[in-house]
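Report on the structure
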Amino acid sequence: MAVGLIAWGRFFDADGNKVTVPAPSTDPGKPWLWDMLRSQAAEIGATFDLVQLPPWSLAQGGAGAGCDGYGIYQRRNLNGTRYGSLESLMAAIAALNAHGCESWGDMVMHQLIGENGGPGVFRYAGADGSTMNGRGQTTPGWFRGGLNQNDPIPPFCREDDVPVRSDDIPFGREISYQHCNPPGVTENDAKDYLAWSKARTGASGFRFDDVKGTHVQSVRRIMDAVPDAPFYSEYFDGNPANLNWWATSEPMNSRSAVADFTLHFRIQAACNGFDATLFDAGGAGYWQWNPGLAVGFVDNPDTDTSLGEQVITNKGIAYAYLLTLPLRVAMVYGKDYYSGSVWPEAYGLKPLIDNLCWINRTFAFGNYEVRWVDRDVHVASRDGNGGAVGWSGGLLTAINFNVLSPRTITCGTPFGPNRWLHDYTGHHGDIWTDGNGNATFTIPSNAFSGGQSYLCFAPGGVDQAVPEKSRTTTQTYFAAMDLDVMPATNTERNLPQRICCAKNTKVSPRLAAKLPEGASVTVTVTNSDDEAVATARIGSGAEVRAGETTSSGWHTVAVTGEGLPATGTDFELSITYTGVAG
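This structure is a prediction, so every number in the text was calculated from the model and none was measured.

In this structure, R200 sits in helix 4 (residues 185-201). Since its relative accessible area comes to 0%, R200 is described here as buried. Polar side-chain contacts of R200 include one of 3.1 Å to the side chain of D484.

Another aspect to go through is the sheet that holds strand 15 (residues 368-373). Within the open sheet, the six strands sit side by side as 15-16-17-22-19-20. Their pairing is antiparallel. Only two strands of the sheet have a single partner each, and these edge strands are strand 15 and strand 20 (431-432). For strand 19 (residues 420-423) and strand 20, the ladder comprises two bridges, and the chain directions are antiparallel. In the sheet register, W420 faces strand 20, and the bridge partner there is W432. Set on the sheet, helix 9 (residues 315-322) makes contact with strand 15, strand 16 (377-382), strand 17 (395-400) and strand 22 (454-459); between it and strand 17 the angle comes to about 155°. Of the strands in this sheet, strand 17 and strand 22 are in contact with helix 11 (residues 350-363), which crosses strand 22 at around 35°.

What follows is about the environment of M36. Within the secondary structure, M36 is located in helix 1 (residues 33-39). Along the backbone, M36 and V342 are 306 residues apart, and their C-alpha atoms lie at a distance of 9.7 Å. In contact with M36, other than residues within four places in its own chain, are P31, Y338, V342 and W343.

Interaxial distance between helix 4 and helix 5 (residues 216-223) falls to 9 Å at its minimum, and their mutual angle equals 35°. The handedness of the crossing between helix 4 and helix 5 comes out as right-handed. Facing E187, A190, K191 and L194 of helix 4, the residues of helix 5 in contact are S218, R221, I222 and M223. The residue inventory of the contact of helix 4 with helix 5, partitioned by class, reads four nonpolar, one polar and three charged.

Our focus in this paragraph is the layout of surface pockets. Empty space left among the atoms is revealed by rolling a probe the size of a water molecule over them. Of the volumes computed, that of the largest pocket is approximately 830 Å³. At the level of elements, strand 1 (2-6) and helix 11 are the ones that each hand at least two residues to the lining of the largest pocket. The element best represented in the lining of the largest pocket is helix 11, accounting for three residues. The computed volume of the second largest pocket comes to approximately 700 Å³. In terms of lining residues, the second largest pocket is bounded by 27 residues, among which R10, F171, D209, E234 and D302 are the most central. A per-element tally of the lining of the second largest pocket places strand 3 (residues 18-20) first, with three residues. Residue classes in the lining of the second largest pocket are distributed as eight nonpolar, nine polar and 10 charged.

About the thresholds
Throughout this document, residue positions are counted from 1 along each chain, in the order its sequence is written. Under the rules for a predicted model, residues below a pLDDT of 70 receive no local features and side-chain atom pairs below 80 are neither given nor counted, while totals for whole chains, interfaces and linings still include all residues. Water and hydrogen atoms were dropped before computing side-chain values, which therefore reflect all heavy atoms in the structure. Helix numbering and strand numbering both begin at the N terminus, where a helix is a DSSP run of H or I of at least 4 residues and a strand a DSSP run of E of at least 2. Relative accessibility thresholds used throughout: buried, under 20% of the residue-type maximum; exposed, over 50%; partly exposed, between the two (1.4 Å probe, protein chains only). Polar contact is defined as a pair of N or O atoms within 3.5 Å, subject to the rule that within protein one atom must be able to donate a hydrogen and the other to accept it, and that residues adjacent in sequence are counted only when both atoms are side-chain atoms. The pairing criterion is simple: DSSP has to find at least two bridges between the two strands. In what follows, a contact means two residues having at least one pair of non-hydrogen atoms within 4.5 Å. For every element, the axis is a line fit to its C-alpha atoms; helices are fit only across the contacting stretch, and the angle between N-to-C directions ranges from 0 to 180 degrees. When the near helix sits turned anticlockwise from the far one by under a right angle, the crossing is termed left-handed; a clockwise turn instead gives a right-handed crossing. Polar here means any residue other than Ala, Val, Leu, Ile, Met, Phe, Trp, Tyr, Cys and Pro, which are nonpolar, and Asp, Glu, Lys and Arg, which are charged; Gly is therefore polar. The method works on a 1 Å grid over the protein atoms by themselves. A cavity is a set of points holding a 1.4 Å probe that cannot get out, a pocket is an open set with protein on both sides within 12 Å along at least five of seven lines, and residues with an atom within 4 Å of a point line them. Grid points are joined across faces, edges and corners, and a volume is the space filled by probe spheres set on the points.

Written as structure tokens, this is what we have:
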């Protein structure tokens, strides 16, 4: 199991419009999200295994307050967004990697918005910023038609055979994968974009948006363009049988986990209704069917701002419950986590969630068992058997919804007889199991509906932090006229993004290009004092000299060629380095 942070939020402004996180474009003094995440990378890595980023491609609203990234206009432009620049994104991902935290992108493959060349026609500039030759330009044959008088079929396409047509909302120009013209053009572009963006940013995994309205055979093939990347998908459905059907049957065959909406709605019912029996009523979640494919969450940007879907009270209890369950990933919503001083209207549960995440990552291993349940109280345990992960000693989590009365409970535990137990939330003194392995404890009342009436018992004497597994980052520049980096020429040119490196760490460049006989391309990485740190040369006089940084911070990457044609030469440059927070 992993614990992740949904690293953004959705809010309402004074006029009731949905907006996303603050940014300098509209909120002077506030940082770009990518810069905020880089500055907090050490702190984030101490609590979370991964962060889920919002969509990083340029959307129709640019850097506007209401532009959360789902109305994508240009897939391969990662600048000018609400969240910052591509350079800042690369630096944030590298810093998070350095502190043991993966970054997962959010892939919006269902629609495009903002056509600028007529109905169904999207035109983009290429690497020079002016010539309209950017990759991924469209025709009406890319999109579903029949939606209004301007969308005749043909040249638009009939609707794909998606899992649930009645739930298939276009959200703009809906991309056709099954019936596009020419055949395969949209799927090939999606595969190319996914592989390009993974390599360009250094991301590790992905969320796949709106798979309920997307041709499932194409979804699987698109995911397989990055076979080493994990996925979880948004199949918006509260029925675990439907989630299981999509995730495990042909063609998905467990390629992707799914957001556990069943679990979310059970948490919502129990917490909003102050009724612990509702955690399990009608099935506790898809995780009971297949914990290895279930991604649990209390709220996310959609549910939190949708009437009738929010968890509106007892969120601390909700996270205590969530972070005890066996799941592929437990996701913490950034709006729940951060305080109002960071994001206005955020709920500020960071101190208690940090504690619960540490408890989860330290003790929540092995088989799950409900030990006690009534309207007020829910007690459950993990037996500590993590298999290859190791033995944690087990965990017992108890919650109480009653706003007036504490509850004293005696129940079975996984710990065995006469064991010393400590409540790692700080809400209860130490206890011992009896000769039969039972424990007796008093859960505090849920005073003022504060949602902090929970206990987490585990073997006493554990105080170490979760080990940090620092990793390097590899990011790739793809130079071509239809992308975002100019081809190499016979003059030196700085690449458009610097890299932000930790001090005394290795930098390793790797170049690839098809060169004329006798030609060469050289890359040089320099620090802020213009001192060369690493170089690589291919073609004539080929050599690679990896180097070690002597300072922390921004490093410039420059490329120059010799003997190249006047039109320049495409190349790929991958750089492996260790990022730095700050």
